[in-house]
Structure formats: structure tokens, C-alpha cells
Amino acid sequence: MTHPPGHQTRHPLLILAEEREARRDFRRATFSCWLGTAMEYADFALYGLAAGIIFGDVFFPEVTPAMALLSSFATWSVGFIARPIGALFFGWLGDRHGRKSVMVITILLMGLSTMLIGLIPDYRTIGLWAPACLVILRFTQGLGAGAELSGGTVMLGEYAPPARRGLVSSVIALGSNSGTLIASVVWLLVVQLDHQSLISWGWRIPFLCSFLIALGALWMRRSVRETPVFEQRRKTLMAERQQTLHTASLSDRKPRGPGKAFWVMMGLRIGENGPSYLAQGFMVGYVARVLMMDKSVPTTAVFIASVLGFLVIPLAGWLSDRYGRRKLYRLFCLLLMIYAWPAFTLLDSHQPWIVISTIVVGMALASLGIYGVQAAWGVELFGVTHRYSKMAVAKELGSIISGGTAPLVAAALLSCFGHWWAIAVYFTLMAGIGFVTTFIAPETRGRDLNLSDDAI
């Protein structure tokens, strides 16, 4: 075989070594993204379970059970207020300086905040300073979480082969599911303690132990390389800067509007995140504190759903690769709209296995399957230039409107109307927003992630 003049034939062993290194980088990135997302969702699931089960007794002991539940979920919402701020700042850093450095910072911020929550003295010890400290740490936890999930989603999406992007990106959802599973296992063990031990020191164990996950994720991320898509963009910008005397660099920094993809991402997020946190957040508190059932019942439901998630999530990602993101997402939203109405009737049966099955089905639809589709779709909606920042901010603003306030709004609706029908309407409305958005969103399966323009 002849080669043109100046052509340098690369040695097959060198090519093989580069392929092995690329596969190794892909595995490292996949595992570190899974572990970081597990850390984020372990933190939030720990807090959600604690808010529904124990925080009312620890931080708000002098109010009625309904008001204690409302106050607990009010502090829950503070973390979601912080998330878009973290998404905007860390997303901006990630688009300009790389995904890796930002993901190291965010995992440290989340790990420290969660651990310190486990060290807060209770209300009887320091009075109002106890819930105040809880709010502050919840805010800093939200700052890190605002960029963590989107950063992992972007990194995996940019590493994944286009034909398997849905399946590979669903690892992020597996991470969230793993975090929920870890939290539910720990809480299943902790709630076995007697009531006094649980209130005095038992509830602190999950929060203190979460720092171990953060250390593991930090160790993994130190050895992860930047994504091929970001490295290609960096090289392109450097070449353009040399040719145009920084014109490209300056234009890249000009502020731009959010664009249609931003609003589409918000709509999709509302349809997923609101029902998700009602299913795994509010329903847990409703069963434990309003229906006064044994605390192990909702915790067992979260555990079972988390185990099933290891099947549901990759299946949803694989189906989205085969049949497209739009059709599958639309189906999940439709099922959630239908689910909302029989769900609370079944919960009111007070039968443990009916209650458990109801929560499991809700989580399978709202927290597992639908997010297995959303991970790849969100990455594909945006161009490479502002992918991290735009997607992160859109998702976190959507979370504030839906998931961050959903348990609080649901608790307020229950307190106001005294019946679950208003919550079912609220549940259906949020799932309906996601359903309508799928008719506006483009099908992006297999899109080239090196493109600079958004998909819509």
C-alpha cells in the first residue's frame, strides 16, 4: 500500500494503546459520574426522608404535626432556590474552563454541607439557631447540587457513542437511583431505633456517613480527563483566536438569550421533577405523619423502587435510543397524569403493601423511567458552546418551579383543603406541562454534540 508524500504511518500498537486509553477514560468518567450523582441524590433523598419522618420532631417540636411537616419541607425548598445560582456560576465555569474542575469543586461542597447537617444541635439545645443552621447548610448543599447533576449528564453525553447515548446517559439516572437506594437502606436501619434514640442521635448517622461517598467520588474525579467534545471545542477556539486576534474569544463571551431549547428543557423538567418529588418526598411524609403509619412502610417503598430502578432506568434509556426521546417521554407524562388520581385513594387504604406498591409505581414512572430518557435528551438539545450552563440553569429553574416547591405546596394544599384531591390536581398539572412540551421539543436522537447551535 502506498501513501502520499509526507504521510506518517502510525504504528498499530500505538493505535491500540490510544484505543485502550480512550476506553479507560470512558470507564473512569462513567463511574465517577455515577458516584457523584449517587452522592447528590443520597444527600437529597436523606434530607427528603428526614424531612418527612424526623425533622419535625428535631427542629420544629413546638408546632402541630401538619405545621411541622410544612416547616420541614420549607427548609427542603431552600436547597432548590440555591440550585440555579450554583448552576449559573458553576455552569459558566464548566463551559469555559472544563467539566472536570467544576465537578471536583461541587462534590466537595455537597459532601461537607451534608456532613455538617448531621452535626447541628437540635431545637431544644440551641433554639431557633437549629433551623437557621439547617437552612444555611441546605443552601450551600444546593449550590453544589445545582451543577453536579448537569455536569455529570454533560460529561457522559459527550463521552457516549451517538447510537448508545440514551443508554449510556441513563447511568446518571442510575446514580440518582443508587443514591436513593443508599439513603433508603440507611434509613431502614436507623428507624429501627427506639424513638428517643432516633431523635437524639440516630438521625445524624446517615448525614455523617455521606461524606465517605464524597471522598470516593473525589478520588475518582481527580483522574478523569476532559470530554472529547470539550477538548475539540478548546482546540477550535484556540485556532480561531490565533487567526482573528481574539475576535472569536470576545464574541464567545457576549451574552446571549436563553433560546427555545432553554424553555423546552424547563418544561420537560417540570413534567418530571415535580411528580418525582411528590412521589418520593411528599408521599413519604403523608404516609408517616398524616396517615400515622409505621415509618418503615414508606421507607421500604423507596427501597424497593430503588432496586427496581436498576432495571427500569437502563431499559428506558435503551428504548429512547431505539424509538426516540419524544415518544417515550410523552408516554411517561401521560401515565403520570393518570396515576395521580387513584394514588391517594390507595394510600388512604392504610394497607401496608398497597401503600408500598403505590409509592413504588409512582417512583418508577416519575423518578426512574422518565429521567432515564431525559438525561440524553437534555444534552442533545443544546449546542456545545453553552451546553453546561444553559442546561444546568434550565433544569434547576424547572426544579424550583416543580420539585423544589412540590412537597411544600402539597403540604399547604392539604392543610388548606383537608383532602388530597387538590394535590392530585397539582400532580396532574405538572405532568401535563411535560406532556405538552413534548409536542414542541424536537427529536434529537443521535445528534452531533460538536454543533455549536441549539437543536431548536
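For the structure, check the block above.
To start, this report covers the structure provided alongside it. (Residues numbered from 1 in each chain as written. Predicted model: local features only at pLDDT ≥ 70, side-chain atom pairs only at ≥ 80, totals over all residues. Heavy atoms only, no water.)

Together, Leu331, Leu334, Leu335 and Ile338 make up an exposed nonpolar region whose accessible area comes to about 330 Å². One can find Leu335 in helix H14 (residues 325–347). Residue class for Leu335 comes out partly exposed when judged on its relative accessible area of 34%. (Patch = residues over 30% accessible without salt bridge, like charges linked within 9 Å, V, L, I, M, F, W, Y side chains within 5 Å. Areas by Shrake-Rupley, 256 points an atom, 1.4 Å probe, with all protein chains shown as cover. Salt bridge = Lys/Arg side-chain N within 4 Å of Asp/Glu carboxyl O. Helix = DSSP H or I, 4+ residues; strand = E, 2+ residues; numbered from the N terminus. Buried < 20%, exposed > 50% of the residue type's maximum accessible area, 1.4 Å probe, protein only.)

Okay, the packing of aromatic side chains next. Within this structure, the stated rule accounts for 11 aromatic pairs. Arranged with centres 5.1 Å apart and planes meeting at 65°, the rings of Phe89 and Phe90 form a pair that is edge-to-face. According to the relative accessible area criterion, Phe89 is partly exposed, its value standing at 47%. Under the relative-accessibility criterion, Phe90 is labelled buried at 9%. Through successive ring pairs, a cluster of aromatic residues spans Phe282, Tyr286, Phe344 and Trp420. One residue, Arg330, lies across the ring of Phe439, its end atom 3.8 Å from the ring centre. (Phe/Tyr/Trp six-rings, centres within 6.5 Å; stacked < 30°, edge-to-face > 60°. Lys NZ or Arg CZ within 6 Å of the ring centre and 35° of its normal.)

Orientation of helix H4 (residues 99–117) relative to helix H9 (residues 204–221), taken along the N-to-C sense of each, is 165°, at an axis distance of 7 Å. Taken as axis vectors, H4 and H9 run roughly antiparallel relative to one another. Of the two possible hands of crossing, H4 and H9 adopt the one that is left-handed. Counted together, Lys100, Met103, Val104, Thr106, Ile107, Leu108, Gly111, Leu112, Thr114, Met115 and Ile117 of H4 and Phe207, Leu208, Ser210, Phe211, Ala214, Ala217, Leu218 and Arg221 of H9 form the full contact between these two elements. Residues belonging to the contact of H4 with H9 are distributed by class as follows: 13 nonpolar, four polar and two charged. (Axes fitted to C-alpha atoms, helices over the stretch in contact; angles between N-to-C directions. Parallel < 35°, antiparallel > 145°, perpendicular 65-115°, else oblique. Left-handed = near helix turned anticlockwise from the far one by under 90°. Contact = heavy atoms within 4.5 Å. Nonpolar A, V, L, I, M, F, W, Y, C, P; charged D, E, K, R; others polar.)

What follows deals with the pattern of salt bridges. Inspection of the entire model under this criterion finds nine salt bridges. One salt bridge connects Arg165 with Glu380, and the closest N-O pair in it is separated by 3.0 Å. You can see Arg165 sitting in helix H7 (residues 165–190) and its partner Glu380 sitting in helix H15 (residues 352–381), a full 215 residues away along the chain. No difference in accessibility class separates Arg165 from Glu380, as the two residues are buried.

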